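For reference, the chains in residue letters:
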Amino acid sequence: MQRLAEMLTPGWLGCRLDGGALALPTGVDAVPGRPLPVRLGAASPVTGSVFSVVVPFVGAGHLTVDVDARDPAVGHWLRGVLLRVVAALPDGAVRVAAVDGATLGAVFGPFRAMVEAEAWPRPAVDLPGLQRVLAGAEERIERVQGGEVDPSVLLVCVAALPEGAGRAEWSRLAAIAHAGPAAGVFLLVAGYPPPQHPGLEAAPRLERTTHLTAAGGGLFRVSDPPGPYRFSEDGTGLAVPVRLDDGPPDDLVEAVCRRSAKAARVQASTDFAALMPAEIWRESSVGGLRTVVGREGRAECVLALDDATPHWLVGGRTGSGKTVFLLDVLYGLASRYAPDELGLYLLDFKEGVSFAEFTPTAVDPSWIPHARTVGIESDREYGLAVLRTLSREMTRRATELKRAGVTKLADLRAGRPDVAMPRLVAVIDEFHVLFEGNDAVARQAVALLEELARKGRSYGIHLILASQTISGVEALFTKTESIFGQFPLRVALAGGGGILDQLNDGADNLSVGGAVVNAAAGIPGANRVIRFPNADAASVTAQRHLLWNARPPGGAPPAVFAGYAEQHPDADPTFTCLTPDVRRRRALVGRAVDVGLPTAGFTLDATPGSHLAVVGSSPVGADVLHAATVSLARQHTPGTVRFLVAPLAAAADEAADATVDALTTAGHPCETTTATQYRAHLAGLAAGLPDVPPTCLVVFGADTVSNLLAVSDPTTYRTGHDDLRAVLANGPGHGVHLLGWWRTVGRFTDDLGPGGGGEIAGLVVLNVPGADIGPLLGDYTSTWQPRPNRALLVDRNDNRSTLIVPYVRPGTLDQIDDLT
């Protein structure tokens, strides 16, 4: 029997666990496809006769002993069995989930190198910890039963059940014992079954398990092992008691674990290039999107955007690698699916350039051909515009599906391969910024997000929302479940446990580069711990160039919104292509904060109120007036309209001179006027209508002549304000328009009357507080707040307001910074 035992347990499976064992190779003692036999101890049927007791373990069933590790002999023996399994199986083939409810994890202390290498989780030491371990085992069984292939082994090793464990936990252990072996899940449990108390039901006996029962004097009875490996004919087990092996010395365990931990780090490590497919654009998105995001032990971790997990939540504190993870995901998707299979909408609300990689720059003209729009340091209004765009696209797709008589994108594309309908992925980093406060923008964004989250999956529209936290966002208080309930996949990086269930602390001890993936909306027990690589600059650049060089002919770069970028009129194709051949003339003043940055302007025609006022003390006002005037001039044939330019404020001298030069060069009649001449021109225009020629009156610093206009003529008793208001009221019908810059709201209302008068319908509001423009607009609910490089374009004829990036001449904003 001794010779037979030695034959069955070569190497680590049956050796003496002392210093000499270090010379043995690890990972070579298991036979693929066969149960792993392991030595438990020795039996002595007669004096002087001893043989090794060997039972099948991993691959066949489970092992329990009814004394827990508070008995030092049992604790040492448990370490020995665990060491034999770890050393016999190949590196990375076994993952241990340890529980020590008696000694706070001390039993597993010598194995700490495996925990530090993140090959094993930290030992659980209390009842919630045991419950998480059981849930993890159950989730592994469910995945394998669902068809997932996982060649590794999960060994649940319990040194002592924690206080409070009872019927519920015993039942879960029994269920795992029944279903675990088929899914590669095995139990090594000390202290089971627990002592039976009088009047209470005993713990259930575990199936497929070899049970060791204390027999006194340090000896144990061994039941029949599972399967065909029996010690007895009548089921009584081995007829002689066993003395358990002494445990290994700590330094032996530590040496083996250091070796295995080093291998685990290598196996778990990956790089950015390893996430990319061997060939780009070989996959179809009809059934969903899938990409490799990292490694779970030795296996690749593949995540999907499909009907089961249509939307993702990604959480992590600053410095946790959130941006790196998103780049890994996006490049993986863009490399697997062609631009006609995938479209990307990317928004970043933090002070960074997370998605600048996807756009052309002055240094590198390449871009990712899948990107439709990219927002860098995005305004909330721009985020709202992107959500509106996606909502409109969803409505369009719904119409197409109805026409085809189907309800899902996959069905439409299967039946109509000629229909170009790629899956769309919107990624919003620091998305909580979009919903801060409880204003109109937040409310509209919440409504759109809820609609996209609920309906998007049917139309191939997927959301990935990333943030440090989802708590404390006022606008989401009543919508948390209706929105985030549609986000079953949660990825929690270091410090991002807030996106998981309140009872799930699986992300509490993550290091940078690690993540908890949970496909069950964050509930405890559904966690998978993965590692993802750093997106190093050289690899990212190489992959971007590969995708860019393969782009379809005629592909356009994405619409880029860089919140900090200046907008120059000469860089706007709409501005530079202006000609007199237009139906309606518009004074162009900037670019709207919207997808594609459309050109923003105000129409000047015969409609009453067709004048433009720029209001605010910022020197940007002079540049806006310059752009509006030059753009208007380009829409007139030279000689058909005269320009009267009044440079009345010193701060506007450069802009006024540039305006006069542009008008003169274009061949337009242009006259520069003083304040007194301006007053006279107003009187002449007011008296001469309708016989005066088409005229544009351009006033830089109209507030400087308010006092002059207040003086009445001694003969006619008319004031300049009377003439101004007459020109404003009657001028548009005769081709006379005013474009002026007022630096204060007070002077503007003095000149035009309470409420700023209805005679000027076009307003560009600069650095004017929201409380001050309420009376001006007759709207006290306005949420406008002035901020750098932004203005509010108001069309009072249409009762419409648009956030814009105002036009400036190069260097203007730098001068403002210097002044500040």
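Provided above is the structure to which this section pertains.
Please read all numbers here as calculations on a predicted model, not as lab measurements. (Residues numbered from 1 in each chain as written. Predicted model: local features only at pLDDT ≥ 70, side-chain atom pairs only at ≥ 80, totals over all residues. Heavy atoms only, no water.)

(A) Region of interest: the sheet that holds strand 30 (residues 800–806). Pairing is mixed in the open sheet, where 10 strands are placed in the order 22-21-30-29-28-23-27-26-24-25. Only two strands of the sheet have a single neighbouring strand rather than two, namely strand 22 (599–603) and strand 25 (670–672). Averaged over all neighbouring strand pairs, the angle between strand axes comes to 25 degrees, with direction disregarded. As judged from the five bridges shared by strand 21 (residues 586–592) and strand 22, these two strands associate in the antiparallel manner. Bridged to A587 within strand 22 is F602. Packed onto the sheet, helix 16 (residues 653–665) meets strand 24 (642–647), strand 25 and strand 26 (695–700) and runs at close to 165 degrees relative to strand 24. (Pairing = 2+ DSSP bridges. Helix = DSSP H or I, 4+ residues; strand = E, 2+ residues; numbered from the N terminus. Axes fitted to C-alpha atoms, helices over the stretch in contact; angles between N-to-C directions. Contact = heavy atoms within 4.5 Å.)

(B) The arrangement of the pairing of strand 3 (residues 62–65) in detail. Along strand 3, one buried face is formed by H62 and T64 and the opposite face, lined by L63 and V65, is buried too. Judged from the four bridges that link them, strand 3 and strand 7 (residues 209–216) form a sheet pairing that is parallel. The residue of strand 7 that forms the bridge with T64 is H211. Relative to strand 6 (residues 185–190), strand 3 is paired through three bridges, and the arrangement is parallel. Directly across from V65, in strand 6, lies its bridge partner A190. (Buried < 20%, exposed > 50% of the residue type's maximum accessible area, 1.4 Å probe, protein only.)

(C) Local environment of the nonpolar core. Counting 83 residues, the largest nonpolar core has Y678, F748 and I760 as its most contacted members. Ranked by the residues each element gives to this core, the list is headed by helix 9 (residues 380–404), at eight residues. If sequence neighbours within four positions are ignored, I760 has contacts with G609, H611, L612, A613, L728, L738, W742, F748, L752 and R796. Judged by nonpolar contacts, the second largest core, of 61 residues, contains L17, V96, F186 and L212. (Core = buried A, V, L, I, M, F, W, Y, C linked by side-chain atoms within 4.5 Å.)

Honestly, it's all geometry; don't read function into it.
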